[in-house]
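The chain contents come next:
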Amino acid sequence: MADYLHDESRKTGSADAVLLPENEEEIIDILRHSSGVPLTVQGARTGLTAGSVPFGGSVLSLTRMDRILRIEPDAEVPFAVVQPGVLLQTLRQALKPYHLMFAPDPTEPTASLGGLVANNSSGARSYRYGAVRGHILGLTMLLRDGEKITLERGREKTSGLDFSLRTEEGREIAGTLPDIRMPAVKKHTAGYYIRPDMDLIDLMIGSEGTLGIVTSITVRLLPQPARTWGVLIFFDSEQKSLYFVKRMQEGAPVEAIEFFGEDTLSLMKENQNAGTMLTDSVPIPERAACAVYVEYASDSEERLREELRRLADIVSKCGGDPKMTWAALDASVLERLKEFRHDAPVSVNERISAVRQTHPGITKLASDMSVPDDRLEEVFSMYREGLRREHLRSAIYGHIGSSHLHVNILSRDMDDYERGTRLISEWAEKITAMGGSVSAEHGIGKMKTGLLQILYSEADLRAMFEIKKAFDPELLLNPGNIFPEGLK
Ligand SMILES: Cc1cc2nc3c(=O)[nH]c(=O)nc-3n(C[C@H](O)[C@H](O)[C@H](O)COP(=O)(O)OP(=O)(O)OC[C@H]3O[C@@H](n4cnc5c(N)ncnc54)[C@H](O)[C@@H]3O)c2cc1C
């Protein structure tokens, strides 16, 4: 049971039972025979905001619903249909023979497709291809009472803000979406996605399991370019790297632009020296203050070479040093660079596990906010100034191309943790005022409800909560996710 009581946020909950259905019929049976019981839906539990951590009731784990049902490589728009428990790495592997890809590339390959949809996750390649939302063509969902809805992109739409859906059993679910203005940023997954005349499938994507249980997913597939090249550029100052990123954002689109701050590199170096780093095959130069990873993909080698020449020019204009640059021109070296990227969050998570031995109240404490591109430098200075003022140890890394960074607070004790929590709220206030989002990809879960209250007014949150009530009137599905306690 203990395994089902936490996710990668390191927050721990409690439950009376863990249910492990193998198919949709079994879920329907569970839903019909458990009236009144709160249910927390779980995918692979790699989430970082405790969305799948139960606080009472039963856990509904979908890990056994892990079959790829169809791959249609020759359809006009190639697609695959998967059960929610299929892992990202399993789908990637299955698509290889067809030279197709599920384009958004969240960093954690063991996340499930159900979790990725529920959180509208994104990854390094979302810089080019956007978040998961844009790659979902269809969903089947079960409501808390066991009734089923199917949604197809382009089929069920709202009329302005009014919506109406019918379950397969014939019940109508109708209402009006609140008139909420979402932040105009490249990445946003905080609260429900709401726009006039929208596709209703988009309301479900990113709803963190609060409206229904996703039981099958149709994903759009794109051709996998024949060649992918990655370049890891170490800079001797963060200022130079920010200037470089700005130049890259203004230029031709690349697949990914990822950042590793000074503090992150020093944490990874410590792990390399202690022999605990998962990948020590990418040495970090002595003079390196930070690094930026850039990825290119194309069928044409000539085009890629041209891009690299252009990149070298930009790097040198921004004060970079070719001697501190790694280029991966084949799959095995590229894999090492990707593992290096994956090591950044893993190093942080390991550090949290270690400190929890003496301070069990500490959990992952990280910002996941995005801002308009022209505010990136300002927000970066704000992060560094706040961390300095509060004497907090940190690790900054992430999807800088989308003006979205993760600032991890590495608390040494509860005092650090509390000051770090206050600092993140302070940033959320400022970022909201800049037109940014308080959660770009990890969702709100149970740990960031306070930040959602900063982003939206109480009236807007209450209006959003009415949507939850239309789908789940007894408030039994994923209680505690997204909405602050006390909303009725
Ligand atoms: C090292 C590391 C790196 C990461 N990098 C990224 C990254 O680059 N980008 C990113 O976006 N995230 C990242 N994450 C976070 C995490 O991988 C994502 O949030 C992912 O979507 C969670 O998937 P999961 O299957 O583990 O879901 P879980 O953690 O099990 O659940 C997440 C949420 O989805 C709900 N849910 C799960 N399945 C269903 C379903 N079938 N129906 C309805 N609701 C459901 C749960 O109730 C919960 O609210 C990272 C995590 C780690 C540990």
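Just above, that's the structure.
Residues numbered from 1 in each chain as written. Predicted model: local features only at pLDDT ≥ 70, side-chain atom pairs only at ≥ 80, totals over all residues. Heavy atoms only, no water.

1. Structural notes on the sheet that holds strand S7 (residues 136-142)
- Read across the sheet, 5 strands follow the order S4-S5-S11-S7-S8 without closing on themselves; strand pairing throughout is antiparallel. Of all strands in the sheet, those with a lone pairing partner are strand S4 (68-72) and strand S8 (148-152), marking the two edges. Shown here is a sheet whose adjacent strand axes are inclined to one another by a mean of 10 degrees, direction ignored.
- As paired elements, S7 and strand S11 (residues 213-220) share 6 bridges and run antiparallel to each other. By the bridge assignment, Leu139 is partnered in S11 with Ile217.
- Contacts from helix H1 (residues 24-32) reach S7, S8 and S11 within the one sheet, and its direction differs from that of S7 by about 40 degrees. (Pairing = 2+ DSSP bridges. Helix = DSSP H or I, 4+ residues; strand = E, 2+ residues; numbered from the N terminus. Axes fitted to C-alpha atoms, helices over the stretch in contact; angles between N-to-C directions. Contact = heavy atoms within 4.5 Å.)

2. Describing helix H7 (residues 262-274)
- Over its 13 residues, H7 extends 18 Å from the first C-alpha to the last, a length consistent with the 18 Å expected when each residue adds 1.5 Å.
- Residues of H7 that are buried include every one of Asp263, Thr264, Leu265, Leu267, Met268, Lys269, Asn271 and Gln272, and no others.
- Structurally, H7 contributes buried residues whose contacts are with strand S13 (227-235), strand S14 (256-260), strand S15 (290-298), helix H9 (331-356), helix H10 (376-389) and strand S18 (394-398). (Expected span 1.5 Å × (residues − 1). Buried < 20%, exposed > 50% of the residue type's maximum accessible area, 1.4 Å probe, protein only.)

3. Focus: the environment of Asp74
- Tracing the backbone through its elements, the reader meets Asp74 in the loop between S4 and strand S5 (79-82).
- With relative accessibility at 74%, the residue Asp74 sits in the exposed group.
- C-alpha separation for the pair Asp74 and Asp415, spaced 341 residues apart in sequence, amounts to 57 Å.

4. Side note on the packing of H10 against helix H11 (residues 414-433)
- Their axes nearest at 11 Å, the elements H10 and H11 cross at an angle of 155 degrees. The orientation of H10 with respect to H11, classified from their angle, is roughly antiparallel. Regarding H10 and H11, the two cross each other, and that crossing is right-handed. Here Val379, Met382, Tyr383, Gly386, Leu387 and Arg389 of H10 come into contact with H11, specifically with Leu423, Glu426, Trp427, Lys430 and Ile431. (Parallel < 35°, antiparallel > 145°, perpendicular 65-115°, else oblique. Left-handed = near helix turned anticlockwise from the far one by under 90°.)

5. Looking at the pairing of strand S17 (residues 366-370)
- Counting buried positions along S17 yields 5 of 5 residues, so the element is predominantly enclosed.
- Residues Ala366, Asp368 and Ser370 of S17 are buried on one face, and the alternating residues Ser367 and Met369, pointing to the opposite face, are buried as well.
- Pairing between S17 and strand S19 (residues 404-409): 5 bridges, direction antiparallel. Residue pairing for S19: Asp368 is matched across the bridge by His406.

6. Describing the environment of Met369
- Considering the arrangement of structural elements, one finds Met369 in strand S17.
- Since its relative accessible area comes to 2%, Met369 is described here as buried.
- A C-alpha to C-alpha distance of 9.7 Å links Met369 and Ile424, two positions 55 residues apart in sequence.
- Met369 has contacts with Tyr383, Ser403, His404, Leu405, Ile424, Trp427, Ala428, Ile431, Ser437, Val438 and Leu451, leaving out every residue within four places of it along the chain.

7. A short note on the side chain of Lys269
- As for its position among the elements, Lys269 is in helix H7.
- Buried Lys269, no salt bridge; nearest opposite-charge side chain is Glu286, N-O distance 4.7 Å.
- Excluding its chain neighbours within four sequence positions, the residues that come into contact with Lys269 are Ile284, Pro285, Glu286 and Ala288. (Lys, Arg positive; Asp, Glu negative; His and termini not counted. Salt bridge = Lys/Arg side-chain N within 4 Å of Asp/Glu carboxyl O.)

8. As for the side chain of Ser58
- Relative to the helices and strands, Ser58 is located in strand S3 (residues 58-61).
- When neighbours within four sequence positions are excluded, Ser58 is seen to be in contact with Ala17, Leu19, Val37, Pro38, Leu39 and Thr40.

9. Digging into the site of the ligand
- Around the ligand lies a shell of 37 residues, among which Val41, Thr46, Thr107, Ser112 and Ser122 are the nearest.
- For the ligand, an oxygen atom lies 3.1 Å from a polar atom in the side chain of Asn119.
- Relative to its unbound accessible surface of 980 Å², the ligand loses 98% to contact with the protein.
- Contributions of two or more residues to the shell around the ligand are made by strand S2 (39-42), helix H3 (113-119), S11 and H9.
- In terms of residue count, the dominant contributor to the shell around the ligand is H3 (5 residues).
- Across the shell around the ligand, the residue classes break down as 11 nonpolar, 21 polar and 5 charged. (Near = heavy atom within 4 Å. Polar contact = N/O pair within 3.5 Å; in protein donor to acceptor, adjacent residues only side chain to side chain. Areas by Shrake-Rupley, 256 points an atom, 1.4 Å probe, with all protein chains shown as cover. Nonpolar A, V, L, I, M, F, W, Y, C, P; charged D, E, K, R; others polar.)

10. With respect to the pattern of salt bridges
- Tallied over the full model, the rule gives 47 salt bridges.
- Where Glu255 meets Arg128, a salt bridge forms, and the shortest distance between an N and an O atom there is 2.7 Å. Within this pair, whereas Glu255 is found in the loop between helix H6 (238-250) and S14, its partner Arg128 is found in helix H4 (residues 126-129), the two being separated by 127 residues in sequence.
- Note on Glu255: relative accessible area 2%, which makes it buried.

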